Amino acid sequence: MGDILMKYLFDKQSYTVSGLSPEARRERIFYTVLQLGLFLLAAFSLWEFLYELCNIVGSIVEACPPRALVQLIRMVPMILTAFTYVYLNVWCFRAYRAVSPESRAKTWKGNGIATIVLGAVIALYVVIGVITGEYDRFVEGFLSPLFPLDLCIGGVLLMVYGAVSVVYGRRLTEKPSVLPCRTKRAPAFLRPINGIFYVLSFCVALCSFAACFYGTYVMDWSHGAILFNVMLWLNYFTAFLMALVYRFVWVELKDEFKAKAEVQLGLIFLIVNIVLFAVYLVTVQIWNEAPNQNAYAIIPIDFTACFNAFAPIMALNNLVGPLAALIKGLLSRKAK
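Residues numbered from 1 in each chain as written. Predicted model: local features only at pLDDT ≥ 70, side-chain atom pairs only at ≥ 80, totals over all residues. Heavy atoms only, no water.

Enquirer: Please explain the side chain of threonine 32 as it appears in this structure.
Expert: By the element assignment, threonine 32 lies in helix H2 (residues 22-61). Judged by relative accessible area, threonine 32 falls into the buried class, the value being 18%. The contact partners of threonine 32, leaving out residues within four places of it in the chain, are Arg247 and Phe248. (Helix = DSSP H or I, 4+ residues; strand = E, 2+ residues; numbered from the N terminus. Buried < 20%, exposed > 50% of the residue type's maximum accessible area, 1.4 Å probe, protein only. Contact = heavy atoms within 4.5 Å.)

Enquirer: Just to check I follow, could you spell out helix H3 (residues 65-96) for this structure?
Expert: Each turn of an α-helix holds 3.6 residues, which means side chains three or four residues apart point in the same direction. The terminal C-alpha atoms of H3 lie 43 Å apart, and with 32 residues this matches the ideal 46 Å at 1.5 Å per residue to within 8%. Taken as a whole, H3 carries its principal kink of about 55 degrees at methionine 75; the proline proline 77 stands between one and four residues after it. (Expected span 1.5 Å × (residues − 1). Bend = angle between axes of the 7 residues up to and from the residue.)

Enquirer: Which parts of the structure should I look at to understand a nonpolar patch on the surface?
Expert: A contiguous nonpolar surface patch, about 630 Å² in accessible area, is contributed by Trp221, Ile226, Leu227, Val230, Val282, Ile286 and Trp287. For the nonpolar patch, the elements supplying multiple residues, two or more each, are helix H7 (226-250) and helix H8 (255-286). For the nonpolar patch, the element with the highest residue contribution is H7, accounting for three residues. Taking the relative accessible area as the measure of exposure, tryptophan 221 reaches 43% and is therefore partly exposed. (Patch = residues over 30% accessible without salt bridge, like charges linked within 9 Å, V, L, I, M, F, W, Y side chains within 5 Å. Areas by Shrake-Rupley, 256 points an atom, 1.4 Å probe, with all protein chains shown as cover. Salt bridge = Lys/Arg side-chain N within 4 Å of Asp/Glu carboxyl O.)

Enquirer: Teacher, can you tell me more about the layout of surface pockets here?
Expert: The gaps of empty space that remain are located by a probe, the size of a water molecule, rolled over the atoms. Of the voids in this model, the second largest pocket is the one considered here, and its volume is about 500 Å³. Of all the secondary structure elements, the ones that give two or more residues to the lining of the second largest pocket are H2, helix H6 (191-218) and helix H10 (310-335). If one sorts the elements of the lining of the second largest pocket by residue count, H6 sits on top with seven residues. (1 Å grid on protein atoms, 1.4 Å probe; cavity = no way out; pocket = protein on both sides within 12 Å on 5 of 7 lines; lining within 4 Å. Points joined across faces, edges and corners; volume = space filled by probe spheres on them.)

Enquirer: Mind showing me how you'd approach the side chain of serine 18 here?
Expert: Here serine 18 lies in the loop between helix H1 (2-5) and H2. Polar side-chain contacts of serine 18 include one of 2.8 Å to the backbone oxygen of tyrosine 15. A distance of 3.4 Å separates the side chain of serine 18 from the side chain of lysine 254, its partner in a polar contact. What serine 18 contacts, discounting residues up to four positions off in sequence, is Lys12, Gln13, Arg25 and Lys254. (Polar contact = N/O pair within 3.5 Å; in protein donor to acceptor, adjacent residues only side chain to side chain.)

Enquirer: It is not clear to me how the state of the cysteines should be interpreted in this structure. Could you clarify?
Expert: Simply put, the disulfide is a covalent bond whose two ends are the sulfur atoms of two cysteines. Overall, the coordinates contain zero disulfides when judged by the stated rule. Of the cysteine sulfurs around cysteine 203, a residue in no disulfide, the closest is that of cysteine 207, at 6.9 Å. (Disulfide = S-S within 2.5 Å.)

Enquirer: Looking at this structure, how should I read unusual backbone geometry?
Expert: Where the residue is not glycine, phi is negative for most of them; where a peptide bond is considered, it is trans in most cases. For the bond running from phenylalanine 147 to proline 148, omega is 0 degrees, close enough to zero to count as cis. The backbone of alanine 225 sits at a positive phi, close to 50 degrees, despite the residue not being glycine. As for its position among the elements, alanine 225 is in the loop between H6 and H7.

Enquirer: Just to check I follow, could you spell out the packing of H7 against H10 for this structure?
Expert: Geometry of a packed helix pair, given as the angle between the helix axes and the separation of the axes. Across the interface, H7 lies against H10 with an axial gap of 11 Å and an inter-helix angle of 35 degrees. Every pair of crossing elements has a handedness; the one defined by H7 and H10 is left-handed. Taking contact as the criterion, the partners of Leu232, Asn235, Tyr236, Thr238, Ala239, Met242 and Trp250 in H7 are, on H10, Phe310, Met314, Asn317, Asn318, Pro322 and Lys328. (Axes fitted to C-alpha atoms, helices over the stretch in contact; angles between N-to-C directions. Left-handed = near helix turned anticlockwise from the far one by under 90°.)

Enquirer: Is there a simple way to think about the pattern of salt bridges in this case?
Expert: Taken as a whole and judged by the stated rule, the model has six salt bridges. Arginine 247 is the salt-bridge partner of glutamate 252, the closest N and O atoms lying 2.9 Å from each other. Residue classification places arginine 247 among the buried positions, given a relative accessible area of 5%. Close ionic contact of lysine 328 with glutamate 262 constitutes a salt bridge, the shortest N to O distance being 3.4 Å. Residue lysine 328 is found in helix H10, and its partner glutamate 262 is found in helix H8; the two are separated by 66 residues along the sequence. Assessed through its relative accessible area of 37%, lysine 328 is described here as partly exposed. One connected set of salt bridges, linked through shared partners, spans Arg28, Arg247 and Glu252.

In structure tokens, the structure reads:
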């Protein structure tokens, strides 16, 4: 009965934090707060990039490639900023889940240097763009009130963050981290595949979080089709919820509980997502105009080239992800 109710998920003794020293717990809190902050920054910057990418693709579809090229050149700092924040999330997670204290220190130093370079490129691009006339001035007021100055300032802050990361990495070299290190890794031939899938799924989760946030006030409820709005929002919600459960529940469990959690959580998410996605498809068939009338602002890809991209992307992410976790958990339990 305990397995069915998953009581172990609510028991502190099931998590690695229960055996950590006070110093290790402080370090764990540091990573938790840092990753949550980076998640928020990445979510909104990636969503803004998605919108601008849709505008660029839309210009190409409308047979206006020159306008698309102009947009692309102007948006390079935004594209790099979005990429950098996603990258920071990935390497912060890799540092937290390092296989050794030495690897954790090298991750901080190496990726700190990469962040300095990316921040410098972003800031310099804006400065050069103003000098060459690509931007009329440092504050044009669109896409944001401070655009493109805000991107330039963001680049400088990324350089500062990178420098602090290098210093912190050197400190970890002198005084190694006391956090436990990952003991199990996927087979070498699966790591690239796992890495690509996790990053793509994480990007969907980031955009889904931003869509849920914006959806609370940009979705139009005046045209009816309330069930469509709810189902669209819930499909987005479970996409980022899976990422948060993976990071802050599954990753934090002790090894002896992980296979069981993969099976149970994978099955739950699979069933829930199948129901939510199926009902969403039914609502689209009933209210054909609902996406255009109610939710244009949070499904931008669908209106870029008149292609319903939301459905296949969410189907792949929300169904394949938990299915893969379920299969992996079953194989892990069978191997024991």
